[in-house]
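Secondary and tertiary structure notes
For reference, the chains in residue letters:
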Amino acid sequence: MFELPLYVYAFVGSLALFCLWRWKRDPLRAIPTAGGPSIPLLSYIGAFRFQRHSHELLLEGYRKYGRSVFKVAMPDQWLVCLNGPELIDQVRKAPESVMSSSEGLLFLTQLAHYVPLETTEDPYHIAVIRDRLTRQLDNVLPSMVDELRIVCDELLPTNQGDTVALPGRKAILDIVARVVSRTFVGLPYCRNPSYLDAAVMFTLDVIKSRIILALFPEIMKGFVARLIARGPTNSIRRMAGIIGPLVRERTALMAKHAKDGSELPDDMLQWLLEEGSKRNDVTVEMAATRLQLQNFAALHTSSSSLVHALFHVLIDPGLVLLLREEARAALEAHGWTRAALEKMPKMDSFLKESQRLNGINVLGMSRRAMQDIVLADGTFIPAGTLCVVPSYGPHHDQEKYDGADDFKPFRFLDSKEAGSTRQQFVNTSDDFMAFGRGKHACPGRFFAAMELKVILAYLLINYEMELRDKSTGRPANLHFGVSIAPSPSAVIVFKKR
């Protein structure tokens, strides 16, 4: 009978005692755990469950510890979940030096291993979205609609009565990528297959690399990111190679503009270059990195949100007629303008309800504690802890939403506050955190809302759409980690009206 050497038993025993000692000294041990045990090694049971059932774990914790704090296990860290108005308010108002939104996102996605430090220390690409893009919505709308017509004519039937069956998620992603890229880099790059592929793949590379890095302790993540999980790095370099000639052309135009006031392009890349020039940061690498971060925030989020909504529309013919008629009347009166979009309250409520019930992830806010913190309820949070405010619990709370598990497309039109700005799709609150909450709420939500309404209205007016497989109702969502994705296999049949 083979017996292990005594020193192996000694090593295993010492390791177990060390893990137990660290667990006993861990301040987070005092916080209750949802989804599984918190003791060393056994906590991986909860971490395994979290990968495919995070929504269930967070809902379990929310219902048990509703206005307090609990934690759930991820493969490489604890996720400390804060709930209730008092704690949400504390997180929302905390300065970056205390609870950092940017560090929370970087820690959650592990993007810090792939982007230069100056990108996170001076995230002016976020200010460009919040200020320049939001102020330019009226100006970008015509080109958005123009690109939408062109890409739909390329992908979908152009003759009345003709049909085509396409995987819904892929088709909508292709449409969104073209429409967004028209605003981000303009013509002709928005139609460049290599550019579009690099823009779309960056998010997928980040997700894949995050999964790999989660298997390693923090001390090894940088090494693994450099040598094994290189997807995001390669994607940024690929983007730099594609847009390099365009960046050099734009910098030459900026030099010419400084001399004679000649006209400059008006798109996201140009705004990034102009902000970079104020900081002596006009390089191809800078432009590629910050542009990919914009794509990370814009492409898959918008396309997933739209597909979630479409899947609800396609199982309810009556809803199709109501939304189509509202869009037709508004566009006949105002054309493709923001004024027309504001005359679509049914669509606004419908999109908000889809985001409430589905969403693109289970979290409303994420913050990293930059120093030791004592929360309003007395809970001690050590520096470095990843704290989140889950949105899935409040969004499915029967006390906040009557029939919270049911899809009610006009819920926000039928509420007591119908017509107020509080009920609008882009508005955030403690009860609706699809776009986050507070000063760090999604800065691009006004652009995203406009984009979703334009694409949905255009599809409803120009196409009859149905699910090829109607036998199972709405295609089920996929849950992986914190993400909620629409079914990638559901096929939509598009018929030209």
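The model shown is predicted, which means the values in this text are computed figures rather than measured ones.

Now for the overall build of the chain. In terms of helices and strands, the chain carries 18 helices and twelve strands. Taking 2.2 N^0.38 as the reference for a compact globule, 497 residues should give roughly 23 Å; the C-alpha atoms of the chain span a radius of gyration of 24 Å, in line with that estimate. Projecting the C-alpha coordinates of the chain onto the three principal axes gives extents of approximately 80 × 60 × 55 Å. Buried residues in the chain amount to 53% of all 497 residues. For the chain, the exposed area adds up to about 22600 Å²; of that, 56% sits on carbon and sulfur atoms. The centroid of the 59 positive side-chain charges in the chain is displaced by 2 Å from the centroid of its 54 negative side-chain charges.

Glancing now at the packing of helix H6 (residues 124-135) against helix H12 (residues 268-277). Interhelical geometry of H6 versus H12 gives an angle of 120 degrees and a closest axis separation of 10 Å. Considered as vectors, H6 and H12 are oriented oblique to each other. In this structure, the crossing between H6 and H12 has a hand that is right-handed. Between H6, through Tyr124, His125, Val128, Ile129, Arg132 and Leu133, and H12, the contact on the second element is made entirely by Met268, Trp271, Leu272, Glu274, Glu275 and Gly276. Class assignment for the residues of the contact of H6 with H12 results in seven nonpolar, two polar and three charged.

Quick look at unusual backbone geometry now. For the bond from leucine 187 to proline 188, the omega torsion is 0 degrees, close enough to zero to count as cis. With respect to the helices and strands, the residue proline 188 is situated in the loop between helix H8 (168-184) and helix H9 (193-213). Despite not being glycine, glutamine 110 has its phi angle at roughly 65 degrees, a positive value. Along the chain, glutamine 110 falls in the loop between helix H4 (101-109) and helix H5 (117-121).

Spatial strand order, S4-S12-S9: three strands in an open sheet with antiparallel pairing. The sheet is open, and its two edges are formed by strand S4 (163-167) and strand S9 (463-467), each paired on a single side. Neighbour to neighbour, the strand axes of the sheet diverge by 25 degrees on average, direction disregarded. Taken together, the five bridges between S9 and strand S12 (residues 491-496) define a ladder with antiparallel strand orientation. Its bridge partner lying in S12, methionine 465 is registered against phenylalanine 494.

We now examine the sheet that holds strand S5 (residues 363-369). The strand order across the open sheet formed by five strands is S1-S2-S8-S5-S3, and the pairing between neighbours is mixed. This sheet does not close on itself; its edge strands, each paired only once, are strand S1 (69-73) and strand S3 (99-100). Here S5 pairs with strand S8 (residues 386-390) via five bridges, running antiparallel. Note that in S8 the partner of methionine 365 across the bridge is valine 389. Its contacts with the sheet place helix H2 (residues 43-64) against S1, strand S2 (78-82), S5 and S8, and it is angled at close to 145 degrees to S1. Its contacts with the sheet place helix H3 (residues 85-93) against S1, S2, S3, S5 and S8, and it is angled at close to 60 degrees to S5.

What follows covers helix H7 (residues 137-155). The terminal C-alpha atoms of H7, which comprises 19 residues, lie 26 Å apart, in line with the 27 Å expected from a rise of 1.5 Å per residue. Buried within H7 are the following residues: Leu137, Val140, Leu141, Met144, Val145, Glu147, Leu148, Val151 and Cys152. On its buried face, H7 is in contact with H6, H8, helix H15 (338-342), helix H18 (445-462) and S9.

Right, let's get into the UniProt feature "binding site: heme" (unreviewed entry) in the chain. As recorded in UniProt, the sites labelled "binding site: heme" (unreviewed entry) are Cys442. By the element assignment, cysteine 442 lies in the loop between helix H17 (392-395) and H18. With relative accessibility at 29%, the residue cysteine 442 sits in the partly exposed group.

So, on to the packing of H6 against helix H13 (residues 284-313). H13 packs onto H6 with a crossing angle of 55 degrees between their chain directions and a minimal axis gap of 10 Å. Judged on the interaxial angle alone, H13 and H6 are oblique. The way H6 lies across H13 gives a crossing that is right-handed. Only Met286, Arg290, Leu293 and Gln294 of H13 make contact with H6, whose side of the interface consists of Tyr124, His125 and Ile129. Its residues assigned to classes, the contact of H6 with H13 comprises four nonpolar, two polar and one charged.

With that settled, consider the packing of aromatic side chains. Applying the stated criterion to the full structure yields nine aromatic pairs. Centre to centre, the rings of phenylalanine 202 and phenylalanine 296 are 6.2 Å apart; their planes meet at 75 degrees, and the pair counts as edge-to-face. On the criterion of sequence distance, the pair formed by phenylalanine 202 in helix H9 and phenylalanine 296 in helix H13 is long-range, its members being 94 residues apart. Considering the side-chain rings of tryptophan 336 and tyrosine 458, the 6.3 Å spacing of their centres and the 45 degrees angle between planes classify their relative orientation as tilted. On the criterion of sequence distance, the pair formed by tryptophan 336 in the loop between helix H14 (317-334) and H15 and tyrosine 458 in helix H18 is long-range, its members being 122 residues apart. Taken together through their ring pairs, the aromatic side chains of Tyr401, Phe412 and Phe432 make up a single cluster. Positioned above the aromatic ring of tyrosine 124 is the side chain of arginine 290, whose terminal nitrogen or guanidinium carbon lies 3.7 Å from the ring centre.

Conventions we followed
Residues numbered from 1 in each chain as written. Predicted model: local features only at pLDDT ≥ 70, side-chain atom pairs only at ≥ 80, totals over all residues. Heavy atoms only, no water. Helix = DSSP H or I, 4+ residues; strand = E, 2+ residues; numbered from the N terminus. Rg over C-alpha atoms; globule rule 2.2 N^0.38 Å. Buried < 20%, exposed > 50% of the residue type's maximum accessible area, 1.4 Å probe, protein only. Areas by Shrake-Rupley, 256 points an atom, 1.4 Å probe, with all protein chains shown as cover. Lys, Arg positive; Asp, Glu negative; His and termini not counted. Charge placed at Lys NZ, Arg CZ, Asp CG, Glu CD. Axes fitted to C-alpha atoms, helices over the stretch in contact; angles between N-to-C directions. Parallel < 35°, antiparallel > 145°, perpendicular 65-115°, else oblique. Left-handed = near helix turned anticlockwise from the far one by under 90°. Contact = heavy atoms within 4.5 Å. Nonpolar A, V, L, I, M, F, W, Y, C, P; charged D, E, K, R; others polar. Pairing = 2+ DSSP bridges. Expected span 1.5 Å × (residues − 1). UniProt positions renumbered as here; feature names shortened; annotations may be inferred. Phe/Tyr/Trp six-rings, centres within 6.5 Å; stacked < 30°, edge-to-face > 60°. Lys NZ or Arg CZ within 6 Å of the ring centre and 35° of its normal.

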